[in-house]
Amino acid sequence: MCLTCGCGQPGHVHSHDGHSHDHDHDHDHDHDHDHDHDHGHSHDHDHGHDHSHEHASSMGVTHDADLSTARVVQIEQDILSVNNRHADANRQFLKERGIFTVNFVSSPGSGKTTLLARTITDMKEKFPFSVVEGDQQTENDAERIRATGAAATQVNTGKGCHLDAHMVGHALGHLNPDAESVLFIENVGNLICPSAFDLGEAHKIVVLSVTEGEDKPLKYPDMFYEADLMILNKVDLLPYLTFDVDRCIAFAKQVNPDIRILQVSATAGDGLDEWYDWLSARRDATIAAKNRAN
Amino acid sequence: MHEMSLCQGVLKILQEQADIQNYSRVNSVTLEIGELSTAVPESMEMCFDAITRGTLADGAELIIVRTRGEAWCRKCEDVVPVKERFGPCPRCDGTDVELRAGDALRIQELEVD
């Protein structure tokens, strides 16, 4: 059983690096003070302190630290810290095995699955692939990937609108991807929510198709900000559309000046060589980094 | 609707901290949700209420502190208020701005028993 979440699924990666903050301060008061404030809640000072003062309270109440056990605890933790811990564990697992991992994000219908299937078909003689497919429901995309010969695990998020690092940790346990392979994570088609969740990938790649609006980078900036590469897909259809590629690129660069942009057609094959070069170079670098570490 | 996941993250932290800070009941949770963060406060309230039922934070009050967006504009050489995460500087309309505040999603403090 998974000891972190108790979910009964074996073989996924967790790290337990949670840290606690202790605020241990003793202080001594030796003063008179008047206070004229209105307490809507009770305070409990659970840190050792020594009071020697006289109250001249306008409310005529005596504060007694033992009357209530309620107290305020300072936490200051990022809400995403639990997800990020899982993501760090995934990243460590992948790094140790030299697995180059990308997280594909886009709106539904941008051609992610077609791009992945085409890439695997064209490149599988060079290196092994495995895929984590995220969808709200159905096994359809995983079946399309398996038809290429690559291993695929489908994660159905149910009502969820994105993959999180914990789900991906489970999927890694099921997939058990080969060392020095390439792992594609195809996120749920959604340009909003997946941007907030680190899965442990090396890069987020945002796929935008030219049948969508060219101002998507401005409408959904978080996703374009988080991505290192934008793949502009379906460029073979440009002669039939009014999509302005230059404007789209300018919008993407406005949100993320460092974003790299490739123009491809996953069906007609335009621009795929440049994409394969990008992929191969980063896979090589991932393996080299693993070998240096060992 | 990733607010449900965010609230799950909050609940997980409350449960972990219960052992560390020695409490068994959470009366209120103060969250900082920056105006330029990826969470919608109204959704957080709804999800928090749903997800904490039957837990140590059942019925706990959710206090949301909104922090405003602030960015450093390189052209103005000043901190300027911003309404959009990747929007231009409101003074010079330049786009060479770097976000400084307003995108946090953080638990600040709890009131516990």
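Below is a short write-up of the structure. Predicted model only: the values in this text are computed from it and were never measured.

Re the packing of aromatic side chains
Residues and elements named next belong to chain A. Considering all chains together, one arrives at eight aromatic pairs over all chains under this definition. Relative to W275, the ring of F104 lies with its centre 6.0 Å away and its plane at 85 degrees, an arrangement referred to as edge-to-face. Placement of F104 in strand 4 (residues 100-105) and of W275 in helix 8 (residues 272-293) is noted, with a sequence separation of 171 residues between them. A single burial state applies to F104 and to W275, both of which are buried. Ring geometry for F184 and W275: centres 6.4 Å apart, planes at 25 degrees, overall stacked. Placement of F184 in strand 7 (residues 182-186) and of W275 in helix 8 is noted, with a sequence separation of 91 residues between them. Note on W275: relative accessible area 0%, which makes it buried. Chaining the aromatic ring pairs together yields one cluster made of F100, F104, F127, F129, F184, W275 and W278. Here the guanidinium or amino end of R97 rests over the ring plane of F93, the centre of that ring lying 3.7 Å away.

What about the pairing of strand 7 of chain A?
Looking along a regular strand, one sees the side chains alternate between the two faces of the sheet. All names here are of chain A. Within strand 7, five of the five residues are buried, leaving the element largely enclosed by the surrounding structure. Taking every second residue as pointing to the same face, both faces of strand 7 are buried, with V182, F184 and E186 on one and L183 and I185 on the other. Here strand 4 runs beside strand 7; their pairing, made up of five bridges, is parallel. Of the residues in strand 7, the one forming a bridge with N103 is I185.

Structural notes on the nonpolar core
The biggest cluster of nonpolar side chains holds 32 residues, and the ones touching the most others in it are L14, V26, V29, L31, I107 and L110 of chain B. Mapped onto this core, the elements with two or more residues apiece are strand 3 (71-78) of chain A together with helix 1 (3-21), strand 1 (26-34), helix 2 (41-51) and strand 6 (105-112) of chain B. Ranked by the residues each element gives to this core, the list is headed by helix 1 of chain B, at seven residues. Setting aside residues up to four positions removed in sequence, I107 of chain B forms contacts with I75, E76, Q77 and I79 of chain A together with V10, I13, V29, T30 and L31 of chain B. Counting 28 residues, the second largest nonpolar core, distinct from the first, contains V102, L115, L116 and I145 of chain A.

Examining the environment of G94 of chain B
Residues and elements named next belong to chain B. Take G94: it is sitting in the loop between strand 4 (78-81) and strand 5 (97-101). C-alpha of G94 to C-alpha of R74: the two residues are 20 residues apart in sequence and 8.7 Å apart in space. Those residues in contact with G94 that sit more than four places away from it in its chain are P88 and C89.

Describing the environment of Q154 of chain A
Residues and elements named next belong to chain A. Among the structural elements, Q154 can be located in strand 6 (residues 151-156). Using a relative accessible area of 12% as the deciding quantity, one classes Q154 as buried. Between the alpha carbons of Q154 and S106 there is a distance of 17 Å; along the sequence they are 48 residues apart. Other than its neighbours up to four places away in sequence, Q154 contacts E133, G134, D135, T138, E139, N140, D141, A142 and R146. From its side chain, Q154 meets the backbone oxygen of E133 in a polar contact 3.3 Å long. In terms of polar contacts, Q154 uses its side chain to reach the side chain of D135, at 3.2 Å.

Comments concerning a nonpolar patch on the surface
Residues and elements named next belong to chain A. Together, L237, Y240 and L241 make up an exposed nonpolar region whose accessible area comes to about 310 Å². Relative to the helices and strands, L237 is located in the loop between strand 9 (229-233) and helix 7 (245-255). For L237, a relative accessible area of 31% gives the class partly exposed.

Here's the deal with the side chain of R85 of chain A
Along the chain, the position of R85 of chain A falls in helix 1 (residues 81-96). Polar contacts involving the side chain of R85 of chain A include one to the side chain of E16 of chain B, which spans 2.9 Å.

A closer look at the interface of chain A and chain B
With 32 residues of chain A in contact, the opposing surface of chain B contributes 30 residues. Considering only the side of chain A, the residues that lose the most area to chain B are R71, I75 and I79 of chain A, jointly responsible for 25% of the buried surface there. For E16 of chain B, the salt bridge identified is with R85 of chain A, shortest N-O distance 2.9 Å. Summed over the shared surface of chain A and chain B, the result is 14 residue pairs in polar contact (both at pLDDT 80 or more). Of all elements in the fold, only strand 3, helix 1, helix 6 (221-226) and helix 7 of chain A reach the threshold of two or more residues within the side of chain A that touches chain B. Looking at side-chain class alone, the side of chain A that touches chain B contains 15 nonpolar, 11 polar and six charged residues. Note that strand 3 of chain A and strand 6 of chain B share six bridges and pair antiparallel. By the bridge assignment for strand 6 of chain B, D78 of chain A is matched with R106 of chain B.

Observations regarding the sheet that holds strand 4 of chain A
Backbone-to-backbone hydrogen bonds pair the strands of a sheet. The strands run either parallel or antiparallel. Residues and elements named next belong to chain A. Across the sheet, seven strands lie side by side as 6-5-7-4-8-9-10; this open sheet has parallel pairing. Looking at the sheet topology across the chains shown, the edges are occupied by strand 6 and strand 10 (260-263). Direction aside, neighbouring strands of the sheet carry axes that sit 20 degrees apart on average. Looking at chain direction, strand 5 (residues 129-135) and strand 6 are connected through six bridges and run parallel. By the bridge assignment, E133 is partnered in strand 6 with Q154. Contacting strand 8 (203-209), strand 9 and strand 10, helix 7 crosses the sheet at an angle of about 155 degrees to strand 10.

Examining the pattern of salt bridges
Residues and elements named next belong to chain A. Summed over all chains, the structure comprises 21 salt bridges over all chains. In this structure, E139 and R146 form a salt bridge, with 2.9 Å as the shortest nitrogen-oxygen distance. Classification of R146 as partly exposed rests on a relative accessible area of 35%. Residue R144 pairs with D141 through a salt bridge whose shortest N-O separation is 4.0 Å. Remark: D141 and R144 occur in helix 3 (residues 140-146); sequence separation between them is three residues, near one turn of the helix.

How each quantity is defined
Residues numbered from 1 in each chain as written. Chains lettered and ligands numbered in written order. Predicted model: local features only at pLDDT ≥ 70, side-chain atom pairs only at ≥ 80, totals over all residues. Heavy atoms only, no water. Phe/Tyr/Trp six-rings, centres within 6.5 Å; stacked < 30°, edge-to-face > 60°. Helix = DSSP H or I, 4+ residues; strand = E, 2+ residues; numbered from the N terminus. Buried < 20%, exposed > 50% of the residue type's maximum accessible area, 1.4 Å probe, protein only. Lys NZ or Arg CZ within 6 Å of the ring centre and 35° of its normal. Pairing = 2+ DSSP bridges. Core = buried A, V, L, I, M, F, W, Y, C linked by side-chain atoms within 4.5 Å. Contact = heavy atoms within 4.5 Å. Polar contact = N/O pair within 3.5 Å; in protein donor to acceptor, adjacent residues only side chain to side chain. Patch = residues over 30% accessible without salt bridge, like charges linked within 9 Å, V, L, I, M, F, W, Y side chains within 5 Å. Areas by Shrake-Rupley, 256 points an atom, 1.4 Å probe, with all protein chains shown as cover. Salt bridge = Lys/Arg side-chain N within 4 Å of Asp/Glu carboxyl O. Buried area = accessible area lost by both parts, 1.4 Å probe. Nonpolar A, V, L, I, M, F, W, Y, C, P; charged D, E, K, R; others polar. Axes fitted to C-alpha atoms, helices over the stretch in contact; angles between N-to-C directions.

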